[in-house]
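These are the residues of each chain, in order.
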Amino acid sequence: MTSDLNRLLLDVTALAREAGRAILEVYASAFAVTEKEDRSPLTEADLRSERLILAGLRRLAPEIPVLSEESVQVPWSTRRSWSRLWVVDPLDGTVNYVHRLPNFAVSIALMNRGEAVLGVVYDPMSKEMYTAAIGQGATVNGRELRCSGCAELHFALVAASFPPQVQRDSVEVAQFV
């Protein structure tokens, strides 16, 4: 499994880089913004990145279903029957992207029976590639990542991002607090 997971991690990393290049091509031009049903923004970059990722994942592992933010490849109602599943956000941080804030990424993960076994997050602006695989730790651009060692919350820097239209009494705010 380890050699298969390593090969898959390399392939997914390459796929994330390719999607990142597509996102930057759209970013360099004037692009239209539409709204999804939930009023969150949607751009051509979201869709182009998703098309690339979905095609790549179909080539890598056609038997594994995909749950992607922009198009539901697998009905969420059947989630209990999934043993393995790709989870994709082709442009994580679309609000930042639309406002030209350089904090957005491509996110791809592989779940196995509800546990994340592989994950890739690529920031095309900084060219930082974060990778992790079960039993292998996490890296950024190939360098091992470690926890900060900060033991007390009052010494820590805490950052959060909430979905659009979040309310003060929402579950997300309660969980954060």
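Residues numbered from 1 in each chain as written. Predicted model: local features only at pLDDT ≥ 70, side-chain atom pairs only at ≥ 80, totals over all residues. Heavy atoms only, no water.

What about helix α2 (residues 44-60)?
Then comes step 1: Its 17 residues place the ends of α2 24 Å apart at the C-alpha level, agreeing with the 24 Å of an ideal helix rising 1.5 Å per residue.
Then comes step 2: Of the positions making up α2, those classed as buried are Ala45, Asp46, Ser49, Glu50, Ile53, Leu54, Gly56 and Leu57. Taken end-on, α2 shows its buried residues confined to a sector of 165 degrees, consistent with a single buried face. (Helix = DSSP H or I, 4+ residues; strand = E, 2+ residues; numbered from the N terminus. Expected span 1.5 Å × (residues − 1). Buried < 20%, exposed > 50% of the residue type's maximum accessible area, 1.4 Å probe, protein only. Arc of directions from axis to C-beta.)

Brief notes about unusual backbone geometry
Then comes step 1: Even without glycine at this site, Lys127 takes up a positive phi of about 60 degrees.
Then comes step 2: Tracing the backbone shows Lys127 in the loop between β6 (115-123) and β7 (128-133).
Then comes step 3: At Asn141, a residue that is not glycine, the phi angle is positive and equals roughly 50 degrees.
Then comes step 4: Positionally, Asn141 belongs in the loop between β8 (137-140) and β9 (143-144).

Here we look at the sheet that holds β6
Then comes step 1: In space, the seven strands of this open sheet follow the order β3-β4-β5-β6-β7-β8-β9, with mixed pairing throughout. One side of each edge strand has no neighbouring strand; the edge strands of this open sheet are β3 (66-68) and β9.
Then comes step 2: Both β8 and β9 contribute to a ladder of two bridges, which runs antiparallel. Within the sheet, the bridge partner assigned to Val140 lies in β9 and is Arg143.
Then comes step 3: In this fold helix α1 (residues 2-27) packs onto β4 (84-92), β5 (105-112), β6 and β7, with an angle of close to 35 degrees to the strand it touches most, β6.
Then comes step 4: The strands that α2 touches are β3, β4 and β5; relative to β4, the one it contacts most, it runs at about 155 degrees. (Pairing = 2+ DSSP bridges. Contact = heavy atoms within 4.5 Å. Axes fitted to C-alpha atoms, helices over the stretch in contact; angles between N-to-C directions.)

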